[in-house]
Structures are given as C-alpha cells and as structure tokens.
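The lines below spell out each chain.
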Amino acid sequence: MPPNEPCPHCGRLIADWHNEWYDAAQRTAIYGGQAAMDCPLCGRAVLWFQSRDITAPPLNASIAVFRRSAMLAAQWAPVREPSCGNLAGYIATHPAGQQYRAYWQPSEVQQADQQVTKP
Ligand SMILES: [Zn+2]
C-alpha cells in the first residue's frame, strides 16, 4: 500500500509502496506527514500524508526519511505472497517485488528470511 502510484521524483509507477514494511511508529509519523517514505527506485523522499496521493516534500523541508524494514518485509512475504516463498523470492519473481531489487543488500534479505523461518 498504496498501489500503482507514480514517484513524484523519478516518475516511475511504483506497483506497491509497501507502507506496511514500516513499523507502527514510523507509519504513524508518515501518516501525520512528519516523516517520509523513500522511493524504492530512486531513493528520494515522498510523503503519504493521511494516505492521500504520494507527493514530494516541500523544497528545503527537513524531514526524516524512513527506510523499510527487511525484517518486516520478510514476515510479510510468506503470509501475503505465499507462492513467492520468502522475501528473496518476492523480490526475484513478483513484479511489485522486483522494484525492491536494489533496495536492500542481498545479504540483508537473506538474513531477514532466515530469522523469520527460525523456530
Ligand atoms: Zn522515485
């Protein structure tokens, strides 16, 4: 969430902004406009104020930019996209996931997937 909204910086259509990969406190700050998400493709800050359209922050605004958690994404993947298996599979095979291919280091994804499957 939100799906299929373009990045105001690079103009690419992002299939899924994956707000759910932020923790609860971060999502609250993003909803309130006190913090920004980053574009998975260009890395620039975007606002998702009150779940409206994705926008660029005002010029010269100093705003915290949060990065999505590989750990939360690794917990999300097998539940929401079970056919992909895990986060690595989601990033490798799912069109929405492929936009996050360069977002984390492969080792970071691998570590998060391993932690999720640990008993
Ligand atoms: Zn972008």
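Reading the values: the criteria
Residues numbered from 1 in each chain as written. Predicted model: local features only at pLDDT ≥ 70, side-chain atom pairs only at ≥ 80, totals over all residues. Helix = DSSP H or I, 4+ residues; strand = E, 2+ residues; numbered from the N terminus. Buried ≥ 20, exposed ≤ 12 C-beta atoms within 10 Å, placed from the backbone. Contact = placed C-beta atoms within 7 Å. Pairing = 2+ DSSP bridges. Core = buried A, V, L, I, M, F, W, Y, C linked by C-beta atoms within 7 Å. Domains from an automatic or database assignment. Expected span 1.5 Å × (residues − 1). Arc of directions from axis to C-beta. Nonpolar A, V, L, I, M, F, W, Y, C, P; charged D, E, K, R; others polar.

A. Representation of the overall build of the chain. The secondary structure content of the chain amounts to 5 helices and 5 strands. Across its three principal axes, the chain shows a C-alpha extent of roughly 45 × 25 × 20 Å. Counting across all 119 residues of the chain, residues that qualify as buried make up 27%. Considering only residue pairs separated by 6 or more positions, the chain has 51% of its internal contacts joining residues 24 or more positions apart.

B. Molecular detail of unusual backbone geometry. With an omega of -15 degrees, the peptide bond running from Met1 to Pro2 counts as cis. Secondary-structure assignment places Pro2 in the segment before strand 1 (3-6). The phi angle at Asn4 is positive, at roughly 50 degrees, despite the residue not being glycine. Among the residues examined, Asn4 registers 10 C-beta atoms within 10 Å and is labelled exposed. A positive phi angle, close to 50 degrees, is found at His18, a residue other than glycine.

C. Summary view of the pairing of strand 1. In this sheet, strand 2 (residues 13-16) lies alongside strand 1 in antiparallel orientation, the contact comprising 3 bridges. The partner of Pro3 across the bridge, within strand 2, is Asp16. Counting the residues that bridge the hairpin from strand 1 to strand 2 gives 6 residues, and of these Gly11 lies at a positive phi of roughly 80 degrees.

D. Here's a closer look at the sheet that holds strand 3 (residues 35-38). As summarised here, the arrangement of the 3 strands in space is 4-3-5, forming an open sheet in which the pairing is mixed. Unpaired on one side and paired on the other, strand 4 (45-46) and strand 5 (64-65) mark the two borders of the sheet. Here 2 bridges tie strand 3 to strand 4, and the two strands are oriented antiparallel to one another. The residue bridging Asp38 from the neighbouring strand is Ala45, located in strand 4.

E. Expanded view of the nonpolar core. The biggest cluster of nonpolar side chains holds 25 residues, and the ones touching the most others in it are Val46, Ala70, Ala73 and Leu87. When contributions to this core are tallied by element, the ones reaching two or more residues are strand 3, helix 2 (70-80), helix 3 (87-93) and helix 5 (106-117). Looking at this core element by element, the count peaks at 4 residues for helix 2. In terms of domain composition, this core takes at least three residues from each of domain 1 (3-65) and domain 2 (70-117).

F. Up close: helix 5. Here helix 5 spans 17 Å end to end across 12 residues, near enough to the 16 Å set by a 1.5 Å rise per residue. Among the residues making up helix 5, those that are buried are Val109, Ala112 and Asp113. Projected onto a plane normal to the axis of helix 5, the buried residues spread over an arc of 100 degrees and lie on a single side. Exposed and facing more than 90 degrees away from the buried side of helix 5 are Ser107, Gln114 and Gln115. Residues of helix 5 that are buried in the fold lie against helix 2 and helix 3.

G. Region of the structure containing the domain arrangement of the chain. Here the chain is partitioned into domain 1 (3-65) and domain 2 (70-117). On the side of domain 2, 8 residues touch domain 1, which itself brings 9 residues to the contact. Here the side of domain 1 that touches domain 2 is composed, by residue class, of 5 nonpolar, 1 polar and 3 charged.

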